[in-house]
Amino acid sequence: MGQPVRDYLLTLCVTAAVTYLLTGPVRKFAIAIGAMPAIRARDVHREPTPRLGGIAMFGGLCAGLIVADHLANLDSVFDLSSEPRALLSGAALIWLIGVLDDKFEIDALIKLGGQMIAAAVMVLQGLTILWLPIPGVGTVALTQWQGTLLTVALVVITINAVNFVDGLDGLAAGMVLIASAAFFLYTYRLWYGHMIEAAAPATLFTAILMGMCLGFLPHNMHPARIFMGDSGSMLIGLVLAAGAISVTGQVDPDTMKIFEGSERQATHAMLPVFIPLLLPLTIIAIPAADLVLAIVRRTWNGQSPFAADRGHLHHRLLEIGHSHSRSVLIMYFWSALIAFGAVGYSVHSASMWIVLVIVGLSALGLILLLMPRFTPRAPLWAQRIVPPRYRRRRRVEGAGEPTDGPEGQQGPLHDHMGREGAEQAPQAPIAAGVSGVNGATAIGTRSRFSDRRKADSTHR
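Considering the overall build of the protein chain
No. 1: Within the protein chain, the secondary structure is distributed over 16 helices and two strands.
No. 2: Out of the 460 residues in the protein chain, the part that is buried amounts to 51%.
No. 3: In the protein chain, the proportion of contacts linking residues at least 24 apart, taken out of those at least 6 apart, comes to 73%.
No. 4: Carbon and sulfur atoms make up 66% of the accessible area of the protein chain, which totals about 20,700 Å².

Take a look at the structure:
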């Protein structure tokens, strides 16, 4: 079992290295061609930032597939299945549409049509849902049209869910990295634990997806030097959907003998396997919830479902007082809790301690949401080695205000002026949507109930 793990790690590392090394030149290319739009009303970054990071991620995807094709333990995936070729075809199409959108900002309906065409291309090459396991019924075979429609719907929903959550530096790449890591554990267990060869393509897809996100994250963490753009967010969304389709719709649950014995025994035996078959939905639970809420909110306000605004979950976290970095970490936390919680329960569904751990971590997450102003302070001996946000505050003589306050508690004056000129600087208001130098309170003094309907209709 150790040898396949090394092959997957090698594939992951090559994918991450190629993505990381390509991102720098891609950034210079994006700046040269002007693929760095001006600041918009709903943006939280301060300066125009180049996009087209998806070019580097697509290069990492191609490198990962090439390396895997030459590894002894993974080349059988390419010999016995057409799914890697189907993934590459669909990814190339959706990537090209994303690149055009990052540069020219094409219409949302055109992008939606391109997403459906990319999904159809994968279906034509064999990457489709063939059957579904239903509790109490068993395995239900789908007709060709049913499988095609369900596959296209899952691809479109996943792509747009990832695209919707791409609103803060490092958020989309980090959440997909967490989701793909949990998905990899499940698919690897199916392949080598239950000896199901049909789970091999999904295992490879998730390993490559982890490498793509891992290689891009160092360039995309706050403050981001480059955005992935739609060329990146739609690409990783499609790869995530491809892995979900492969393991959910092509791995026959009957091969795991989960429907044998009495009805009660079959139901109990089915739980560890059936729950992870819904894992593709759990790993995009937060982006999907954000997508549904956005559609309901915009429709309720008489807007187009494709009209952009500042009502996403990450914007809400900023508005209640969380800093940029803490908002991203909170979203990471909930993604990891849902994804790894589902995987853990699938392995030990009869263990009560897993449920207790999930409940306890959920309570911890709620506490973090209700404490936006809390910032830990380092001891005095560590003041010089920790970031400024964690240092103890000092006061300027006669000013009566801290100079090194925690994130989310400094006024706009301290976000843009040094300590020397803090007293002489005028108290000029800062426009909503402009963040501080350190990324604290990315929307400044913006009111929680401000009008979000003035945002433009383009995506980041």
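Thoughts on the confidence of the model for the protein chain
No. 1: Predicted confidence across the protein chain gives a mean pLDDT of 75, with 64% of residues reaching 70 or more.
No. 2: Ranking the elements of the protein chain by mean pLDDT puts helix α16 (residues 412-416) last with 38 and helix α2 (residues 54-69) first with 96.
No. 3: Segment residues 258-268: pLDDT under 50, and 13 contacts once partners within four positions in sequence are set aside and those in other chains are kept.

Here we look at the packing of aromatic side chains
No. 1: For the structure shown, the criterion picks out six aromatic pairs.
No. 2: Ring centres 4.5 Å apart and planes at 10° place the aromatic pair Phe58 and Trp95 in the stacked group. One end of the pair, Phe58, is in helix α2; the other, Trp95, is in helix α4 (residues 83-104), with 37 residues separating them in the sequence.
No. 3: For Phe58, a relative accessible area of 13% translates into the label buried.

Describing a nonpolar patch on the surface
No. 1: A grouping of Met352, Val355, Leu356 and Val359 is seen on the molecular surface, where their side chains present a nonpolar patch of about 370 Å² in accessible area.
No. 2: Mapping Met352 onto the fold places it in helix α15 (residues 352-369).

Structural notes on the packing of α4 against helix α5 (residues 108-124)
No. 1: Running from amino to carboxyl end, α4 crosses α5 at an angle of 165°, the nearest separation of the two axes being 8 Å. The angle between α4 and α5 falls in the class roughly antiparallel. The handedness of the crossing between α4 and α5 is right-handed. Taking contact as the criterion, the partners of Ala86, Leu87, Ser89, Gly90, Leu93, Ile94, Ile97 and Asp101 in α4 are, on α5, Lys111, Gly114, Gln115, Ile117, Ala118, Val121 and Met122.
No. 2: Tallied by class, residues from the contact of α4 with α5 come to nine nonpolar, four polar and two charged.

Considering the side chain of Asp102
No. 1: Note that Asp102 resides in helix α4.
No. 2: Comment: no salt bridge for buried Asp102; closest opposite-charge side chain is Arg51, at 4.4 Å.
No. 3: Sequence-distant contacts of Asp102, defined by excluding residues within four places in its chain, comprise Ala35, Arg51, Leu52, Met228, Gly229, Asp230 and Ser231.

Some thoughts on α2
No. 1: Taking 1.5 Å of rise per residue, 16 residues should cover 22 Å, and α2 covers 23 Å from first to last C-alpha, within 8% of that figure.
No. 2: For α2, the full list of buried residues reads Gly54, Ala56, Met57, Phe58, Gly59, Gly60, Leu61, Ala63, Gly64, Leu65 and Ala68.

Observations concerning the environment of Arg6
No. 1: Position of Arg6 relative to the elements: it lies in helix α1 (residues 2-33).
No. 2: With relative accessibility at 51%, the residue Arg6 sits in the exposed group.
No. 3: Linking Arg6 and Asn73, residues 67 residues apart in sequence, is a C-alpha distance of 9.6 Å.

As for unusual backbone geometry
No. 1: Of the consecutive residues His222 and Pro223, the connecting peptide bond is found in the cis state with omega at -5°.
No. 2: Summarising the element assignment, Pro223 is placed in the loop between α8 (200-220) and α9 (229-249).
No. 3: Although it is not a glycine, Leu52 sits at a positive phi angle of roughly 70°.
No. 4: Considering the arrangement of structural elements, one finds Leu52 in the loop between α1 and α2.
No. 5: Even without being glycine, Glu105 reaches a positive phi, approximately 55°.

Section: the nonpolar core
No. 1: One finds Tyr8, Leu61, Leu235, Ile236 and Leu238 to be the most contacted residues of the largest nonpolar core, which totals 85 residues.
No. 2: A total of 15 residues in this core trace back to one element, the largest contributor, which is helix α7 (residues 171-193).
No. 3: Once residues within four sequence positions are removed from consideration, Ile236 is found in contact with Met57, Val162, Ala172, Val176, Leu209, Met212, Cys213 and Met228.

Side note on the environment of Phe333
No. 1: If you trace the backbone, Phe333 turns up in helix α14 (residues 324-347).
No. 2: Taking the C-alpha atoms as reference points, Phe333 and Leu361, separated by 28 residues in sequence, lie 9.1 Å from one another.
No. 3: Aside from chain neighbours lying at most four places away, what touches Phe333 is Leu361 and Gly365.

Section: the pattern of salt bridges
Any two side chains of opposite charge can pair, given that their charged atoms come close.
No. 1: By the definition in use, this model includes three salt bridges.
No. 2: Between Asp101 and Lys111 there is a salt bridge, with its nearest N and O atoms 3.5 Å apart. Taken together, the positions of Asp101 in helix α4 and Lys111 in helix α5 put the pair ten residues apart, joining distant regions of the chain. Taken as a pair, Asp101 and Lys111 share a single burial class, namely buried.
No. 3: Here the salt bridges share partners, and the residues they tie into one network are Asp101, Lys111 and Asp230.

Quick word on the side chain of Asp101
No. 1: Classification of Asp101 by relative accessible area gives buried; the value is 4%.
No. 2: Non-local contacts of Asp101, meaning those with residues more than four positions away in its chain, are made with Arg51, Ile106, Lys111 and Asp230.

Some remarks on α8
No. 1: The first and last C-alpha atoms of α8 sit 30 Å apart over 21 residues, in line with the 30 Å expected at 1.5 Å per residue.
No. 2: With 19 of 21 residues buried, α8 lies mostly within the body of the structure.

Reading the values: the criteria
Residues numbered from 1 in each chain as written. Predicted model: local features only at pLDDT ≥ 70, side-chain atom pairs only at ≥ 80, totals over all residues. Heavy atoms only, no water. Helix = DSSP H or I, 4+ residues; strand = E, 2+ residues; numbered from the N terminus. Buried < 20%, exposed > 50% of the residue type's maximum accessible area, 1.4 Å probe, protein only. Contact = heavy atoms within 4.5 Å. Areas by Shrake-Rupley, 256 points an atom, 1.4 Å probe, with all protein chains shown as cover. pLDDT = per-residue confidence, 0-100. Phe/Tyr/Trp six-rings, centres within 6.5 Å; stacked < 30°, edge-to-face > 60°. Patch = residues over 30% accessible without salt bridge, like charges linked within 9 Å, V, L, I, M, F, W, Y side chains within 5 Å. Salt bridge = Lys/Arg side-chain N within 4 Å of Asp/Glu carboxyl O. Axes fitted to C-alpha atoms, helices over the stretch in contact; angles between N-to-C directions. Parallel < 35°, antiparallel > 145°, perpendicular 65-115°, else oblique. Left-handed = near helix turned anticlockwise from the far one by under 90°. Nonpolar A, V, L, I, M, F, W, Y, C, P; charged D, E, K, R; others polar. Lys, Arg positive; Asp, Glu negative; His and termini not counted. Expected span 1.5 Å × (residues − 1). Core = buried A, V, L, I, M, F, W, Y, C linked by side-chain atoms within 4.5 Å.

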